[in-house]
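Spelled out, the chains give:
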Amino acid sequence: MASSSPLLTGERLVVFLFAARVALAAPARLAAPLALLAGAALAVELAVDRSAAAPSPPLRRFRTRPGASSGILLGATTLPCVMLARLIQLSRILPTDPNGAQEFAYLEMQYWAVSISCVSVLSFFLWHLRQSANNEISKTSKYGSLMVVLYLVTFLLFFLLKTDGGLLAMTKNGYLLCHGVAAVILIKHILEKFPSCSSFGEGLLVSSGLIVYFGDILARTLSKMEFSTSSGAFIHTPGTQSEIATVIQGVLLGLFLLPLLYKSSLQVWVYCRTLGKQRTQTIEKRAEKRAGSAVFYVSLLVVLLFLVPSWTRLVQGLEVHPFVWVLNYMFTNSEERLLLCAYWIFVICVSIRRFYSISKQSKTERILLRKYYHLVAVLIFSPAVIFQPAFLDLAFGAAFALFLILEMIRVWEVYPLGHTIHQFMNAFTDHRDSEILIISHFSLLLGCALPKWMSSGFNDRPLAPFAGILSLGIGDTMASMIGYKYGVLRWSKTGKKTIEGTAAGITSVLAACSILVTLLASSGYILSQHWLSLSLAVTLSLLLEAYTTQLDNAFIPLVFYSLLCL
């Protein structure tokens, strides 16, 4: 028999309060699907947790990150809440903005796309759970199955009532359901190919996020093609996306397609070399490794020099190469940008050199060393958010692209940098990093970047772009440092987080917000958010940091950003 799992835990309570806060601010037609999704996610999480202690767990084929709970409820509700909060924010300008209706309709479709992705992944888990003969698990999974069916009925009714049915509505429904199929394929690939790298909830967040992001790229591509520009096209993307956002999308699209091109080219090269070496029994490993590295660099050049500019020219009409456009942007009337770049380089070089030597020689706890990097993120990103917000979007994209390239070089041991990068990165790993992937630096960067990227365009909440910097750079850091040094009262018997640390985190974020409000007011911004709502957003975010065993760098900024948008 599987051991019972408590229905109410600290993490689940915080997640439900978060989802309820978002749902209560949304119209009923969009809040009801979120409630059904949260109910289904809770049922699946309970079933998975209770099945984990069974003699033959249904999900035993997937090895998740050690020390983390399943996190399915948090993973399934976070992105839908983000999209719904953004819809609520965008609805405040519908009467005055001529482009607001089109942007709202497209964002609403993205909300359904990410929700369908999450529901499909939950159905994937349920299918595996149904393979078990355990009656207790079966009852819980039946409840989850009922919630999933109710959600799908709500989804179909929404589009049938909103449109007149017909081929256009069926095509749009099919397009959204394809997001769900793709999300299932992707999370299955993540859990099987990268064992012990993520929990179920983290994998759900990554898969649904990537699917909706690439769904946006596909939608923008289709909307620019000749056959999709007719009046009967089933998808219309708003034409308000900036050139910076398009360049970032193009580069990331190329880098995510790079593994496919590299693996395919490598297989072709190995096959051709084998044909030419039929009489040779052994091939020198060093030459093989260097040749494979050459294939990687050639594939990278093909992606950056040909694929990326082709896509940006199609979608945005850029006549010059994106890298040329970036250089022109940086060096045209850009004294402030160049000074900012010099400041970034100085801070990064000093901090990396200092902290790397500390990690090798000192007995400083690894968790404290990593929190110092959170403070460095505050020093780097805060001035740019205030004075050069558009340039910071571009810098975030460049940094993320560089991290992707370096991680590929490290994982595939590409000569001559692979071993050196691996040794350097190992100095900053902790229990959340597996032997395959090192994800901590990715999560910190994206945690700071995503709120800023999503705040591009209309934003009537000046603190929303700072959500990642405030929650990770200040709140999470102060909570960890104060809790580690002075914490006595723990939130739970098994956890390490303390009440003193959480209180310090909440206080520090509110203090930072009061300072930021003054600085933003001097730059022309007006605080349009009540302090009670801000205090609730800070408190829920830091309580989630105290209770969750998931990757807090990934979830806390998104939760905080969603609450700030309301």
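What counts and what doesn't
Residues numbered from 1 in each chain as written. Predicted model: local features only at pLDDT ≥ 70, side-chain atom pairs only at ≥ 80, totals over all residues. Heavy atoms only, no water. Helix = DSSP H or I, 4+ residues; strand = E, 2+ residues; numbered from the N terminus. Expected span 1.5 Å × (residues − 1). Buried < 20%, exposed > 50% of the residue type's maximum accessible area, 1.4 Å probe, protein only. 1 Å grid on protein atoms, 1.4 Å probe; cavity = no way out; pocket = protein on both sides within 12 Å on 5 of 7 lines; lining within 4 Å. Points joined across faces, edges and corners; volume = space filled by probe spheres on them. Nonpolar A, V, L, I, M, F, W, Y, C, P; charged D, E, K, R; others polar. Core = buried A, V, L, I, M, F, W, Y, C linked by side-chain atoms within 4.5 Å. Contact = heavy atoms within 4.5 Å. Patch = residues over 30% accessible without salt bridge, like charges linked within 9 Å, V, L, I, M, F, W, Y side chains within 5 Å. Areas by Shrake-Rupley, 256 points an atom, 1.4 Å probe, with all protein chains shown as cover. Salt bridge = Lys/Arg side-chain N within 4 Å of Asp/Glu carboxyl O. Phe/Tyr/Trp six-rings, centres within 6.5 Å; stacked < 30°, edge-to-face > 60°. Lys NZ or Arg CZ within 6 Å of the ring centre and 35° of its normal. Axes fitted to C-alpha atoms, helices over the stretch in contact; angles between N-to-C directions. Parallel < 35°, antiparallel > 145°, perpendicular 65-115°, else oblique. Left-handed = near helix turned anticlockwise from the far one by under 90°. Arc of directions from axis to C-beta. pLDDT = per-residue confidence, 0-100.

Engineer: What exactly am I supposed to notice about unusual backbone geometry here?
Structural biologist: One can expect most non-glycine residues to show negative phi and most peptide bonds to be in trans. For the bond from Y415 to P416, the omega torsion is 5°, close enough to zero to count as cis. Mapped onto the elements of the fold, P416 is located in the loop between helix 13 (389–411) and helix 14 (418–426). One non-glycine residue, S196, lies in the positive phi region at around 65°. Among the secondary structure elements, S196 is positioned in the loop between helix 6 (166–193) and helix 7 (200–224). A positive phi angle, close to 55°, is found at E413, a residue other than glycine. Note on placement: E413 falls in the loop between helix 13 and helix 14.

Engineer: What's the story with helix 1 (residues 10–24) in this structure? I'm lost.
Structural biologist: Since the α-helix turns once every 3.6 residues, residues separated by three or four places project in the same direction. Here helix 1 spans 21 Å end to end across 15 residues, near enough to the 21 Å set by a 1.5 Å rise per residue. Among all positions of helix 1, only G10, E11, R12, V14, V15, F18, A19, V22 and A23 are buried.

Engineer: Teacher, can you tell me more about empty space enclosed by the protein here?
Structural biologist: A probe matching the size of a water molecule, rolled over the atoms, marks out where space remains unfilled. A full pass over the atoms with the stated rule returns 1 cavity of 30 Å³ or more. Put simply, the largest cavity is a space of about 60 Å³. Around the largest cavity, the lining comprises 12 residues; the ones closest to its centre are M109, Q110, A113, Y175 and H179. Those elements that provide at least two residues to the lining of the largest cavity are helix 4 (100–129), helix 6 and helix 7. Class assignment for the residues of the lining of the largest cavity results in 8 nonpolar, 3 polar and 1 charged.

Engineer: Would you take a moment to explain the nonpolar core for this structure?
Structural biologist: Among soluble globular proteins, nonpolar side chains are generally buried collectively. In this structure, L84, L122, F125, L204, L255, F381 and L470 are the most contacted members of the largest nonpolar core, which totals 154 residues. With 17 residues, helix 4 is the single largest residue contributor to this core. If near-sequence neighbours (up to four positions away) are discounted, L122 is found in contact with L37, A40, A41, V44, I72, A76 and L204.

Engineer: How should a nonpolar patch on the surface be read in this particular structure?
Structural biologist: A surface patch of nonpolar side chains, amounting to about 520 Å² of accessible area, comprises L261, V298, L301, V302, L305 and F306. Sorting elements by how many residues they give to the nonpolar patch places helix 9 (residues 285–316) first, with 5 residues. Mapped onto the fold, V302 is located in helix 9. On the accessibility criterion, V302 (35% relative accessible area) is partly exposed.

Engineer: Help me out: how do you make sense of the packing of aromatic side chains in this one?
Structural biologist: Each aromatic ring pair is described using two quantities: the centre-to-centre distance and the angle formed by the ring planes. In this structure the tally under the stated criterion is 19 aromatic pairs. The residue whose ring lies beneath R337 is Y329, and the NZ or CZ to ring-centre distance is 4.0 Å.

Engineer: Can you help me understand the pattern of salt bridges in this one?
Structural biologist: Where side chains of opposite charge bring their charged atoms close, a pairing between them can arise. If you walk through the whole model with that rule in mind, you get 11 salt bridges. Residues D216 and R220 are paired through a salt bridge, measuring 3.1 Å at the closest nitrogen-oxygen approach. Here R220 and D216 lie together in helix 7, a separation of 4 residues that amounts to about one turn. One exposure class covers both D216 and R220, and it is buried. The partner of K497 in a salt bridge is E545, with the nearest N and O atoms 3.1 Å apart. Taken together, the positions of K497 in the loop between helix 16 (467–486) and helix 17 (499–522) and E545 in helix 18 (residues 531–547) put the pair 48 residues apart, joining distant regions of the chain. Overall, the relative accessible area of 27% leaves K497 in the partly exposed class. Within the structure, one salt-bridge network assembled from shared partners comprises R12, E45 and D49.

Engineer: I'm lost on the packing of helix 1 against helix 18 in this one. Help?
Structural biologist: Helix-helix packing is described using two parameters, namely the angle between the two axes and the distance between the axes. It is at 9 Å that the axes of helix 1 and helix 18 come closest, and there the two elements cross at 150°. Looking at the two axes, helix 1 sits roughly antiparallel to helix 18. With respect to the hand of their crossing, helix 1 and helix 18 are arranged in left-handed fashion. Side by side, helix 1 and helix 18 meet where G10, E11, V14, V15, L17, F18 and R21 of the first sit next to S533, L536, L540, L543, L544 and Y547 of the second. Of the residues contributing to the contact of helix 1 with helix 18, the split by class is 9 nonpolar, 2 polar and 2 charged.

Engineer: Honestly, helix 14 in this entry has me stumped. Any pointers?
Structural biologist: Within helix 14, burial applies to G418, I421 and M425. Angularly, the buried residues of helix 14 cover 70° about the axis, an arc narrow enough to put them on a single face.

Engineer: Can you help me understand the side chain of D476 in this one?
Structural biologist: One can find D476 in helix 16. D476 gets classed as buried once you look at its relative accessible area, which sits at 0%.

Engineer: Is there a simple way to think about the environment of L437 in this case?
Structural biologist: Residue placement: L437 occurs in the loop between helix 14 and helix 15 (440–454). For the pair L437 and M408, spaced 29 residues apart in the sequence, the C-alpha separation amounts to 9.6 Å. The residues touching L437, leaving out its near neighbours within four places in the chain, are F194, C197, E407, R410 and V411.

Engineer: Which parts of the structure should I look at to understand the confidence of the model for the protein?
Structural biologist: Note that predicted coordinates carrying low pLDDT should not be read in detail. Averaged over all residues, the pLDDT of the protein is 82; the fraction at 70 or higher stands at 84%. Within the model, pLDDT remains below 50 along residues 278–283, and this stretch shows 2 contacts once partners closer than five positions in the same chain are excluded.

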